[in-house]
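# An overview of the molecular structure
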Number of protein chains: 2
Amino acid sequence: MQLHQLTATALRAKLAAGETTAEAIVQSCLAHIADREDDIHAWIHLAGDAALTKARALDAGPAKGLLHGIPVAVKDIIDTADMPTAYGSAVYQGHRPPWDASCISFVREAGGVLLGKTVSTEFAYFSPGATANPHNTAHTPGGSSSGSAAAVAAEMVPLAFGSQTAGSVIRPASFCGVVGFKPSRGKHSLAGIKTLADSLDTLGWFARSVPDIALMRSALLGEEQDLGPVSAQPPRIGLCRTAQWGEAEQSSQQAVKAAAETLAAAGAQVRDLDLPALFDDYNASQQRLMNYQVARALAFERINHRTEISEVLRRNCDEGLAVSEADYDAARDHGRAGRHAFAKLIGDVDFLITPSAPGEAPAGLHATGDPVFNRTWTFLDVPALSLPKYSGPKGLPVGVQLVGRFGGDLDLLRWGQWAEDRLR
Amino acid sequence: MQLHQLTATALRAKLAAGETTAEAIVQSCLAHIADREDDIHAWIHLAGDAALTKARALDAGPAKGLLHGIPVAVKDIIDTADMPTAYGSAVYQGHRPPWDASCISFVREAGGVLLGKTVSTEFAYFSPGATANPHNTAHTPGGSSSGSAAAVAAEMVPLAFGSQTAGSVIRPASFCGVVGFKPSRGKHSLAGIKTLADSLDTLGWFARSVPDIALMRSALLGEEQDLGPVSAQPPRIGLCRTAQWGEAEQSSQQAVKAAAETLAAAGAQVRDLDLPALFDDYNASQQRLMNYQVARALAFERINHRTEISEVLRRNCDEGLAVSEADYDAARDHGRAGRHAFAKLIGDVDFLITPSAPGEAPAGLHATGDPVFNRTWTFLDVPALSLPKYSGPKGLPVGVQLVGRFGGDLDLLRWGQWAEDRLR
């Protein structure tokens, strides 16, 4: 295997053993990006020279941190002081923020090497950029973290930041066949990330293994945490179809069932866990709340740059502006009631298994697919992990989603590794 | 009375009657600012010429919106595209954001005239700027929204934005003898406001009457709401001493008791409402969570501008970095449990009455006072309103705080007007 194909965890081992250098890793990634970028369009800005300079400096110094010498890609809605940050919008082409987002500061402190900025949909909403799915370039990679999911899937980079407000990490992870992680909301700071919806936005990231996801988590927390087992017993798993199960294609339904069977065969106790009626229109409340908040968070762009934003964004903002305060409050109350109810529900199991997305990545680059299987978990603030393994009738990836309890991110990743090992 | 002394509501009536112009209002405010600013130091940037140009344009056109011709001041942690925004820090002197914060866009759309940026403590944390209390310039105006509270108190401007993460609106409102309002968290977008603590930051504002507070709320919501009575019956009021009652000076205890007596005499049912033991160390959890989040939100500045940030901020960040993930999660769980419990508690009354601050503004400009009577309500996400009326042994103002239920901002302002009318 070439260096660019390895996981961050494997690269760390090679670096620690003196078998490679940060410079060689960056060179390998850059060469592979040069090969594939014309087809994938994952990057909006590539910082090759700066990354090589940084890599050489790391090679010349002592081991710096958990991400020493590891290339990292950054969704373009995340501020970087040394790279342009355009938030996926024509409005901000060439904008250079005066700071790094919080997550970027932690990556730099841990010795990570920023390779560049990846394509985001417009302001991380629904209007797509140019990125194609590495498994079939006629299909969407999903969104809004399109470039980050595609870059990791195409083995251009082992780790990449995204963000999720409806389904912008878990869905593209599923479509691109990589591991995607959306932490509990509030676990990691959003400072320096362009606001889309104040009470939903969540930093997330992509990798090609669960240990790599955990490595980034440790870097963001500033403390290394191992992925040892949560308990000596296999997990109790709730198979959760959700009220949207009928909207899942057979490939996604089959993926969930097959994963449940495989994990049951490995000793897990799997039982159906149905969400109560409170959750029947929980997605609708999330959507109403999101539209309301987006129209207000993007007020400046909506008013001052109306011709430079997409028609779909204008329409969504108009919808959001039409939501009354009473309906907004009702959606927020619904959100709170759901979070309270879910905290009890999840108490009976270690995690849920549920679809990551309706099925394979849809054909065409004009849209990024439906977050129907993500809105509820985002609204609940709970951690979610998409694992790749299965595929659909067109041979495209179909992920399965693991969902944990609020704040229980480490436990979910530990069970995620347990599941990943058994699904391989 | 001169124009600069009038409330926004009174100015609107004069404008509607053709008795004055936006230009005359701005001229009056600017002249008064010129008189008093050397003593108060409320402003970090004054945009006199731009405000006059805007006022003349408004005078020449049709009535634009709810804030047509009304001067508004803006705390310097809120982004403005046409004014510098330095976040109260030497790090960002001269910084010009590429956008307006969401709240600024709504003010402009409503025809408000931005007079300039007001002094914030460093990043809206505890290290003070130069602002003095208009009632006695040897005393702090409170913080972090120091300049906004002082500017409204000194009759330089009728309305001013602040923000609250611990007690940065209600405390300076109390110290400066003005009305301060901290809405329910999430009611108004934070987009374009520098993050201090992700899950606590709340936009707020100052005025010299409750109807003016409601006017700004209507402008931010984009819909006019009247302050008619919530019900024909007088309110049920919970007198809430909190676990910190012993930390209140006699002036603040007396203010709460006197207000309760006055409102009871006006027909209100007043009863003691004690918070359960769950809330005994709720302030401590808020503080732990806040320090954790601040250290992460300001990671870029902490790492890259260490010599340009204050020692108190460095120390607070170091404390925040030392908080473990488990302790952070415990604080977050405590927050959620409190919000759930409070939703039930408040159901028996229309609002609480409780101290706004420990007492009069402390002497000296080296610190901004203690948010001990604000942390709990901020952590609960609930709306809070400080009303001026009383004073302490030094003749400085002492406010009383009204607290409502989550989302019930309009009801709280309606009861607030009822109370204001009876306390006058």
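Scroll up a little and you will see the structure.
Residues numbered from 1 in each chain as written. Chains lettered and ligands numbered in written order. Predicted model: local features only at pLDDT ≥ 70, side-chain atom pairs only at ≥ 80, totals over all residues. Heavy atoms only, no water.

### Some details on the overall build of chain A
Of regular secondary structure, chain A possesses 14 helices and 11 strands. Computed over C-alpha atoms, the radius of gyration of chain A comes to 20 Å, within 12% of the 22 Å expected from 2.2 N^0.38 for 424 residues, which places it in the range of a compact globule. C-alpha extents for chain A along the principal axes are approximately 60 × 60 × 40 Å. Here chain A holds 424 residues, and 64% of them are scored as buried. For chain A, long-range pairs separated by at least 24 residues make up 78% of all intrachain contacts whose partners lie at least 6 apart in sequence. Charge centroids of chain A, computed over 38 positive and 46 negative side chains, lie 2 Å from each other. (Helix = DSSP H or I, 4+ residues; strand = E, 2+ residues; numbered from the N terminus. Rg over C-alpha atoms; globule rule 2.2 N^0.38 Å. Buried < 20%, exposed > 50% of the residue type's maximum accessible area, 1.4 Å probe, protein only. Contact = heavy atoms within 4.5 Å. Lys, Arg positive; Asp, Glu negative; His and termini not counted. Charge placed at Lys NZ, Arg CZ, Asp CG, Glu CD.)

### Topic: the interface of chain B and chain A
Contact with chain B, which involves 46 residues of that partner, is made by 46 residues of chain A. Interface area, chain B with chain A, both sides summed: about 3,700 Å², of which 51% is carbon and sulfur. Three residues, Trp99(B), Glu325(B) and Arg336(B), lead the burial of chain B against chain A; their summed loss comes to 18% of the area buried on that side. Applying the counting rule to chain B against chain A returns 8 salt bridges. (Buried area = accessible area lost by both parts, 1.4 Å probe. Salt bridge = Lys/Arg side-chain N within 4 Å of Asp/Glu carboxyl O.)

### Considering helix H1 (residues 8–16) of chain A
Residues and elements named next belong to chain A. All of the buried residues along H1 are Ala8, Leu11 and Leu15. The arc that holds every buried residue of H1, seen down its axis, measures 60°, which confines them to one face. Next to the buried residues of H1 lie helix H2 (22–40), strand S4 (159–164) and helix H7 (210–221). Where H1 terminates, the next one or two residues include Gly18, which has phi positive at roughly 70°. (Arc of directions from axis to C-beta.)

### Looking at the packing of helix H9 (residues 282–297) of chain A against helix H12 (residues 325–345) of chain A
Residue and element names in this part refer to chain A. Look at H9 against H12: their axes get within 9 Å of each other, and the N-to-C directions meet at 130°. Overall, the two elements H9 and H12 adopt an arrangement that is oblique. In this structure, H9 crosses over H12, and the sense of that crossing is left-handed. Residue-level inspection shows Tyr282, Ser285, Arg288, Leu289, Tyr292 and Gln293 of H9 in contact with H12, the latter providing Asp327, Tyr328, Ala331, Arg332, His334, Gly335, Gly338 and Arg339. Split into classes, the residues belonging to the contact of H9 with H12 amount to 5 nonpolar, 5 polar and 4 charged. (Axes fitted to C-alpha atoms, helices over the stretch in contact; angles between N-to-C directions. Parallel < 35°, antiparallel > 145°, perpendicular 65-115°, else oblique. Left-handed = near helix turned anticlockwise from the far one by under 90°. Nonpolar A, V, L, I, M, F, W, Y, C, P; charged D, E, K, R; others polar.)

### A few points about the side chain of Gln293(A)
Of note, Gln293(A) is situated in helix H9. For Gln293(A), the contacting residues outside a window of four places in its chain are Leu196(A), Ala197(A), Asp198(A), Ser199(A), Leu200(A), Tyr328(A) and Gly186(B).

### Quick notes on the sheet that holds strand S5 (residues 179–182) of chain A
All names here are of chain A. Read from one edge to the other, the open sheet built from 11 strands follows the order S1-S3-S2-S4-S6-S5-S10-S11-S9-S7-S8, with strand pairing classed as mixed. With partners counted over all chains shown, the strands left at the sheet margins are strand S1 (43–46) and strand S8 (269–272), one partner each. Direction aside, neighbouring strands of the sheet carry axes that sit 30° apart on average. As defined by bridge partners, S1 adjoins strand S3 (residues 113–118) across 3 bridges and the pair is classed as antiparallel. (Pairing = 2+ DSSP bridges.)

### Some thoughts on the layout of surface pockets
Residue and element names in this part refer to chain B. The calculated volume of the second largest pocket comes to roughly 320 Å³. In terms of lining residues, the second largest pocket is bounded by 21 residues, among which Ile44, Asp76, Ala86, Gly88 and Gln93 are the most central. The dominant element in the lining of the second largest pocket, judged by the number of residues it contributes, is strand S1 (residues 43–46), at 3 residues. Classifying every residue of the lining of the second largest pocket by side-chain character gives 8 nonpolar, 10 polar and 3 charged. (1 Å grid on protein atoms, 1.4 Å probe; cavity = no way out; pocket = protein on both sides within 12 Å on 5 of 7 lines; lining within 4 Å. Points joined across faces, edges and corners; volume = space filled by probe spheres on them.)

### A short note on the relation of the copies chain B and chain A
Rotating chain B by 180° and moving it 0.0 Å along the rotation axis overlays it on chain A with an RMSD of 0.0 Å. The two molecules are tied by a two-fold rotation axis, judged by turn and shift. (Least-squares fit on C-alpha atoms with pLDDT ≥ 70 in both.)

### Regarding the environment of Ala138(B)
All names here are of chain B. Note on placement: Ala138 falls in the loop between strand S3 (113–118) and helix H5 (146–153). Considering only alpha carbons, one finds Ala138 and Val26, 112 residues apart in sequence, at a separation of 28 Å. When neighbours within four sequence positions are excluded, Ala138 is seen to be in contact with Ala363 and Gly364.

### A short note on the environment of Glu122(A)
All names here are of chain A. Mapped onto the elements of the fold, Glu122 is located in the loop between S3 and helix H5 (146–153). Glu122 gets classed as buried once you look at its relative accessible area, which sits at 6%. Along the primary structure Glu122 and Ala207 are separated by 85 residues, whereas in three dimensions their C-alpha atoms are 23 Å apart. Here Glu122 is in contact with Tyr87, Gly88, Ser127, Glu308, Ile309, Ser310 and Leu313, once residues within four sequence places are set aside.

### Details of the sheet that holds strand S4 (residues 159–164) of chain B
All names here are of chain B. In spatial order, the strands read S1-S3-S2-S4-S6-S5-S10-S11-S9-S7-S8; together these 11 strands make up an open sheet with mixed pairing. The outermost strands of the open sheet, each flanked by one partner alone, are S1 and strand S8 (269–272). The average angle at which neighbouring strand axes cross in this sheet is 30°, direction not considered. As paired elements, strand S7 (residues 236–239) and S8 share 4 bridges and run parallel to each other. Residue pairing across strands places Gly238 opposite Arg271, the latter belonging to S8.

### What about the pairing of strand S10 (residues 384–391) of chain B?
Residues and elements named next belong to chain B. Pairing of strand S5 (residues 179–182) with S10 involves 3 bridges; the strand directions are antiparallel. Following the sheet pairing, Phe181 is matched in S10 by Leu385. Relative to strand S11 (residues 397–403), S10 is paired through 6 bridges, and the arrangement is antiparallel. The residue bridging Leu387 from the neighbouring strand is Val400, located in S11. From the end of S10 to the start of S11, which pair antiparallel, there are 5 residues, and Gly395 there has a positive phi angle of about 80°.

### Regarding the pattern of salt bridges
Applying the stated rule across the entire model yields 40 salt bridges over all chains. The salt bridge involving Glu311(A) is made with Arg315(A); its shortest N-O contact spans 3.6 Å. Of this pair, Glu311(A) and Arg315(A) both sit in helix H11 (residues 311–321), 4 residues apart, roughly one helical turn. For the salt bridge of Asp226(B) with Arg414(B), the shortest nitrogen-to-oxygen distance reads 4.0 Å. Placement of Asp226(B) in the loop between helix H7 (210–221) and S7 and of Arg414(B) in helix H14 (residues 409–423) is noted, with a sequence separation of 188 residues between them. Bridged by salt links that share partners, the residues Lys187(A), Arg217(A), Glu325(B) and Asp329(B) form one connected network.

### Description of the packing of aromatic side chains
In this structure the tally under the stated criterion is 26 aromatic pairs over all chains. Seen in terms of ring centroids, Trp99(A) and Tyr87(B) are 5.6 Å apart; in terms of plane orientation they differ by 55°. Their pairing is tilted. Pair noted here: Trp99(A) is in the loop between strand S2 (71–75) and helix H4 (102–109) and Tyr87(B) is in the loop between strand S2 (71–75) and helix H4 (102–109), and the two residues belong to different chains. Like Tyr87(B), Trp99(A) is buried. Centre to centre, the rings of Phe351(A) and Trp415(A) are 6.4 Å apart; their planes meet at 40°, and the pair counts as tilted. (Phe/Tyr/Trp six-rings, centres within 6.5 Å; stacked < 30°, edge-to-face > 60°.)

### Let's talk about the environment of Pro397(A)
For Pro397(A), the location among the structural elements is in strand S11 (residues 397–403). On a C-alpha basis, the gap between Pro397(A) and Gly359(A) in space is 8.4 Å, while along the polypeptide they are 38 residues apart.

### Brief notes about the packing of H9(A) against H11(A)
The relative placement of two packed helices comes down to the angle between their axes together with the axis-to-axis distance. All names here are of chain A. The N-to-C vectors of H9 and H11 enclose an angle of 110°; their axes lie 7 Å apart at closest approach. Considering their axes alone, H9 and H11 lie roughly perpendicular with respect to each other. Where H9 crosses over H11, the two elements pack in a sense that is left-handed. Residues Asn291, Tyr292, Val294, Ala295 and Arg296 of H9 pack against Leu313, Asn316, Cys317, Glu319, Gly320 and Leu321 of H11. Residue composition of the contact of H9 with H11, by class: 6 nonpolar, 3 polar and 2 charged.

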